[in-house]
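Observations on the three-dimensional arrangement
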Amino acid sequence: MPKKENINQERFTKNLIDNTNKLLTSNDGVPIHDNNNTLKAGSRGPSLMQDHLFLDKLMHFDRERIPERVVHARGSAAHGYFEATADVSAYTKADFLKKGKTTPLFLRFSTVAGFKGSTDLARDVRGFSIKFYTQEGNYDFVGNNIPVFFIQDAMNFPDLVHAVKPEPNNEMPQAASAHDTFWDFISLMPEAAHMSMWVMSDRAIPRSLRMLEGFGVHTFKFVNEQGKGTFVKFHWKPKLGAHAVAWNEAQKISGFDADFHRRDLWEAIENGDFPQWDLAVQLIPEEDELKYSFDILDPTKIIPEELVPLQIIGTMTLNKNPENFFAETEQAAFDPGRLVPGIDFSDDPLLQGRVFSYLDTQNYRLGGPNFHELPINRPINGKHNNQKDGFAKSDIPTGNVSYFPNSIASGCPYHAMLNGEKGFESHEQPIKEKKVRRRSDSFADHFTQARLFFKSQTAAEQNHIINAFSFELSKIKSEQIRLRELAILNQIDVKLAEQVGKNLGLVPPKELDELTLTFARQNHPNYPIKPKKPEVEKSEALSMVVKAGEGTIATRKVAFLIDEGVSLASMKKLEDALKAEGATAVYIASHVGTVNSKEGQTIAVQHSYLTDVSVCFDAFYTPDGDSVQELENNPDYLQFVNEGFRHCKALAFAKGAEKLMNKSFITKDEAVIVEGQDRWVEEFIKAMKQHRLWTREQARKVPS
Ligand code: HDE
């Protein structure tokens, strides 16, 4: 095994192409003499059909695109490795989960609804797909940053996707759920209530891909050496904590830097700030399958951490950017059906449907059944079987045998049972049921956990949810759909429904709409069915803000707002303190290049008020110096800090710069720090650790 730091550097070496000092050739290796001119009859044409070198070049160019993913088209990825840190052998025989093992992996983050070129900051779910290259073949974890899903049965998936995608007549809007078809569908599907709450929360506008939680969503099964199964839920916890931006900020970032998340991930890895996540599991003995007030096979439900605690079993580190976006990120083919011994499906009806869809998608998208031979998809332990031919076959099988059983090749490749060895074995689960096309009534409680989510949020987070519903429903044209959704919100929480209703100028109906009930009764004829009493009514783990205080400011960017004549001495103390915490000071001035400090030194500046905007920074400092006079009359500066204030970020002002607060309508609070105050540097870092002072929105009436 290579050393873990190099685990990915060595994987692709044989596929890397280095053009340094190389002669340009055709695809067949013929040296190209002139790469500027087509072959013509005379220098003024016409061009000739026999220009085989031109035809070779254009043939390839014309086919440079493959179909983008139907969903999750917009993605960014990185290589990394996973280290197993706990002994879980009592539950699973998975080799890569054995304590002490290190396994290379490739992780692709994505948004769901937008096209491949859409903005990173859309309000959306984030995909969280990992291909583990284990010694027992590839294991694909294809999860999301939200632990539940909109629908319970795979049969509804194409409809959900059609509803959220741009509307088919005019292909609008791009990467947005704020339109009629989406809310028409959602308001007719009460099972979507829980996930809608998550998508309308700040979870759907993350600060960074490095700050995403990841979830397997479905319940899976661990299987041990003795063949015993244990239900398992997977969670990824980012070491940097889970954080979001404000909605107003998200919309502005989309305009200023549509690649904000992609760039952030790329730069962090290039800088050696390798993002890390802990893998945690919730384990549920088979005997407890039916123990809870909800069904553990229902993908619209979480298992509250208070009910089944999380156990950390390993750590993932992303340490290498892809060499080539298309070859790796675009051609990566994930499939929840890529399992390894020791992990199996549960009977979750959504998961069961995924087993077909991903394989089918890859076949279509990557042009045939040999997509697993692409470097990014290859297992590291090699593959040996009798499958042959097909589009884009790149392996060259040797010999005359491609069948089993055979004697000519001494029965090879042999299957494990022939030699007393072990391969993948499905969990032997007893089945004694009728074949039916039906939904279990244990899936019929659609609102209890939506309520749990809402009640577990801080006041500021609840406000953001109210604002998000108000924004989305205001964008739709149909009052009937608005009322239908308000009726759903009323089942979740009366205050929520009232507030959203107020913003829409509507009174939320008390009962579900007749049409919603008609559809719900197709699945559950006696709908609504009285829900069981929930075990947990509030869960701190569901709030990002409650957890934020435990945070770190590592890798955060602090804008130092300077200009000609800035005092270097005024910057030093804070800059050193930030560095010690792993954060970075970024100088911004009215022009790029250099500025002269008050002390007469030259300071290099890469960012200016013209090219940079406050929404791309986490916190702000205005140092002392002659620069303060310049900034006082610079509307771009005043807007910069005002917006930072509005978005509830931490701001610090040196003594001489305090007068700028007034000019930019900033008033003092616990995240606005002035140099004169006690332990101002520590206080500023403390405020940054809270991520945002969301209470500022209400207190200062600065809705963000
Ligand atoms: Fe997916 N999903 N999905 N999905 N999904 C795809 O596969 C599908 C679902 C998820 O980074 C597609 O390669 C069905 C849940 C991620 O390349 C497609 C159903 C969860 C990614 C597909 C679901 C996901 C996909 C599109 C319901 C969270 C991006 C392109 C039965 C647990 C993978 C592709 C990547 C991608 C089908 C529901 C996560 C069409 C039929 C639930 C992260 O095959």
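Residues numbered from 1 in each chain as written. Predicted model: local features only at pLDDT ≥ 70, side-chain atom pairs only at ≥ 80, totals over all residues. Heavy atoms only, no water.

**Observations regarding unusual backbone geometry**
Note the following rule: Comment: elements are numbered from the N terminus, with helices defined as DSSP H or I runs of at least four residues and strands as E runs of at least two.
The linkage connecting Gly45 with the following residue, Pro46, adopts the cis geometry, with an omega of 0°. Counting through the fold element by element, Pro46 comes out in the segment before helix H1 (52–62). In the segment running from Tyr527 into Pro528, the intervening peptide bond is cis, with an omega of -5°. Along the chain, the position of Pro528 falls in the loop between helix H13 (514–523) and helix H14 (544–548). A positive phi angle, near 55°, is found at Ala392, a position not held by glycine. Mapped onto the elements, Ala392 comes out in the loop between helix H8 (349–365) and helix H9 (448–455). Positioned with a positive phi, Thr555 is a non-glycine residue whose angle comes to about 70°.

**Observations concerning helix H10 (residues 459–475)**
Put simply, the test is: Expected span of a helix: the number of residues minus one, times 1.5 Å. Exposure is judged per residue with a 1.4 Å probe applied to protein chains only, and the accessible area is read against the type maximum: over 50% gives exposed, under 20% gives buried, and values in between give partly exposed.
In a regular helix each residue adds 1.5 Å, so 17 residues correspond to 24 Å; H10 covers 24 Å between its end C-alpha atoms and thus fits that length. Turning to H10, its buried residues number three or more, namely Ala460, Glu461, Gln462, His464, Ile465, Ile466, Ala468, Phe469, Ser470, Glu472 and Leu473.

**Regarding the domain arrangement of the chain**
Heads up, the condition is: For the domain bounds, the source is a domain assignment made automatically or taken from a database. Contacts are assigned to residue pairs that have any heavy atoms within 4.5 Å of one another. Defined here as a combined quantity, buried area equals the accessible surface (1.4 Å probe) lost by two parts on assembly, summed across both. A carboxyl oxygen of Asp or Glu within 4 Å of a side-chain nitrogen of Lys or Arg is what we treat as a salt bridge. Whenever two N or O atoms come within 3.5 Å, that pair is a polar contact, provided that in protein one can donate a hydrogen and the other can accept it, and provided that, for residues adjacent in sequence, both atoms are side-chain atoms. Ten residues, namely Ala, Val, Leu, Ile, Met, Phe, Trp, Tyr, Cys and Pro, are considered nonpolar, four, namely Asp, Glu, Lys and Arg, are considered charged, and the remaining ones, Gly among them, are considered polar.
Domain parsing of the chain yields domain 1 (69–151 + 194–377) and domain 2 (548–700). Each partner contributes residues to the interface: domain 1 has 18 residues there, and domain 2 has 17 residues. When the area that domain 1 buries against domain 2 is broken down by residue, the three leading residues are Arg207, His243 and Glu249, summing to 32%. The tally of links between domain 1 and domain 2 comes to 5 salt bridges. Residue Lys649 pairs with Glu249 through a salt bridge whose shortest N-O separation is 2.8 Å. Counting the contacts that link domain 1 with domain 2 gives 7 residue pairs in polar contact (both at pLDDT 80 or more). Listed by contribution, the elements that provide at least two residues to the side of domain 1 that touches domain 2 are helix H5 (247–256) and helix H6 (260–270). Here the side of domain 1 that touches domain 2 is built from residues that sort into 8 nonpolar, 2 polar and 8 charged.

**Let's talk about the coordination of the iron atom of the ligand**
Here is the rule we go by: Metal-coordinating donors are taken as N, O and S atoms lying within 2.8 Å of the metal, or within 3.2 Å when the metal is Na, K or Ca; because water is left out, some sites can appear incomplete.
When only protein atoms are considered, the iron atom of the ligand has one donor, Tyr358 (OH), at a distance of 1.8 Å. Position of Tyr358 relative to the elements: it lies in helix H8.

**Some thoughts on the pairing of strand E4 (residues 137–144)**
The following threshold applies: The pairing criterion for strands is at least two bridges between them, as found by DSSP.
Burial runs high along E4: 8 of the 8 residues are buried. Pairing of strand E3 (residues 126–134) with E4, which is carried by 8 bridges, proceeds in the antiparallel orientation. Each residue of the ladder has a partner; that of Tyr133, found in E4, is Asn138. The turn joining E3 and E4, which pair antiparallel and follow one another in sequence, is formed by 2 residues.

**Description of the nonpolar core**
To keep it simple, the criterion reads: Among buried residues, the Ala, Val, Leu, Ile, Met, Phe, Trp, Tyr and Cys ones that are joined through side-chain atoms within 4.5 Å form a nonpolar core.
Formed by 57 residues in total, the largest nonpolar core has its most connected members in Phe150, Trp183, Met197, Phe469, Ile492, Leu496 and Val500. The set of elements that each furnish at least two residues to this core consists of helix H2 (157–164), helix H3 (180–188), helix H4 (193–199), H9, H10, helix H11 (479–492), helix H12 (494–504) and H13. The residues contacting Ile492, other than those within four sequence positions of it, are Ala193, Met197, Phe447, Ala450 and Arg451. By size, the runner-up hydrophobic cluster in this structure holds 36 residues, among which are Phe132, Phe222, Val232 and Ile269.

**Considerations on the site of the ligand**
Selection criterion: In these notes, residues near a molecule or strand are those with any non-hydrogen atom within 4 Å of it.
In the region of the ligand, 23 residues are neighbours, and Arg69, Arg108, Ser129, Tyr358 and Gln362 sit closest. Arg108 is positioned such that a nitrogen or oxygen atom in its side chain is 2.7 Å from an oxygen atom of the ligand. In the environment of the ligand, a nitrogen atom lies 2.6 Å from a nitrogen or oxygen atom belonging to the side chain of Tyr358. Of all the elements in the fold, those that place two or more residues in the shell around the ligand are E3, E4 and H8. A breakdown of the residues in the shell around the ligand according to their chemical character gives 10 nonpolar, 10 polar and 3 charged.

**A word on the state of the cysteines**
Worth spelling out the cut-off: Working definition: a disulfide is two cysteine sulfur atoms within 2.5 Å of each other.
The full count for this structure, using the stated rule, is 0 disulfides. Considering cysteine sulfurs only, Cys648 is the nearest to Cys616, which forms no disulfide, with 17 Å between them. Judged by relative accessible area, Cys616 falls into the buried class, the value being 17%.

**Observations regarding the packing of H9 against H10**
Condition: Fitting a line to C-alpha atoms yields each axis, with helices limited to the stretch in contact; the angle taken between N-to-C directions then spans 0 to 180 degrees. Angles are sorted into four bins: roughly parallel if under 35 degrees, roughly antiparallel if over 145, roughly perpendicular if 65 to 115, and oblique for all others.
One can describe the packing of H9 onto H10 by two numbers: an axis separation of 9 Å at closest approach and a directional angle of 125°. One way to sum up the angle between H9 and H10 is to call them oblique. Along its contact with H9, which presents Phe453, Phe454 and Lys455, the element H10 presents Gln462, Ile465 and Ile466. Residues that form the contact of H9 with H10 fall into these classes: 4 nonpolar, 1 polar and 1 charged.

**A look at the pairing of strand E12 (residues 584–589)**
Applied cut-off: Seen with the strands pointing away from the viewer, any crossover whose path from the first strand over the helix to the second strand runs clockwise is right-handed.
Taking burial as the measure, the 6 residues of E12 include 5 buried ones, the bulk of the element. Here strand E11 (residues 557–561) runs beside E12; their pairing, made up of 5 bridges, is parallel. Directly across from Val558, in E12, lies its bridge partner Ala585. Tracing the backbone out of E11, into helix H15 (residues 568–580) and back to the parallel element E12 gives a crossover that is right-handed. Direction of pairing for E12 relative to strand E15 (residues 607–608): parallel, over a ladder of 2 bridges.

**As for the side chain of Asp140**
Summarising the element assignment, Asp140 is placed in strand E4. Contacts of Asp140, omitting those with residues within four sequence positions, involve Ile130, Lys131, Ala333, Phe334, Asp335, Pro336 and Arg338.

**What to know about the sheet that holds strand E16 (residues 619–622)**
With parallel pairing, 6 strands are arranged side by side in an open sheet as E15-E12-E11-E16-E17-E18. Of all strands in the sheet, those with a lone pairing partner are E15 and strand E18 (672–674), marking the two edges. Contacting E11, E12 and E16, H15 runs over the sheet at an angle of about 175° to E11.

**Section: the pattern of salt bridges**
When the charged atoms of two side chains with opposite charge come close together, those side chains can pair. For the coordinates displayed, the defined rule picks out 40 salt bridges. The residue Arg556 makes a salt bridge to Asp618 at a minimum N-O spacing of 3.0 Å. With a gap of 62 residues between them, Arg556 in the loop between H14 and E11 and Asp618 in the loop between E15 and E16 connect regions that are remote in the sequence. According to the relative accessible area criterion, Asp618 is buried, its value standing at 6%. One salt-bridge network, in which partners are shared between bridges, spans Arg74, Asp120, Asp257, Asp259 and Arg263.

**Let's talk about the packing of aromatic side chains**
As a reminder of what qualifies: Think of it this way: a Phe, Tyr or Trp ring, Trp meaning its six-membered ring, pairs with another when their centres are within 6.5 Å, and the plane angle makes it stacked under 30 degrees, edge-to-face over 60, tilted otherwise.
Applying the stated criterion across every chain, the model contains 31 aromatic pairs. A centroid spacing of 6.3 Å and a plane angle of 85° characterise the contact between Tyr609 and Tyr637, whose relative ring orientation is edge-to-face. Here Tyr609 is found in the loop between E15 and E16, whereas its partner Tyr637 is found in helix H17 (residues 635–646), with 28 residues between them in sequence. On the accessibility criterion, Tyr609 (7% relative accessible area) is buried. Put simply, the rings of Phe82, Phe96, Phe109, Phe128, Phe132, Tyr139, Phe141, Phe220, Phe222, Phe234, Trp236 and Trp277 touch in pairs and so form one group of aromatic residues.

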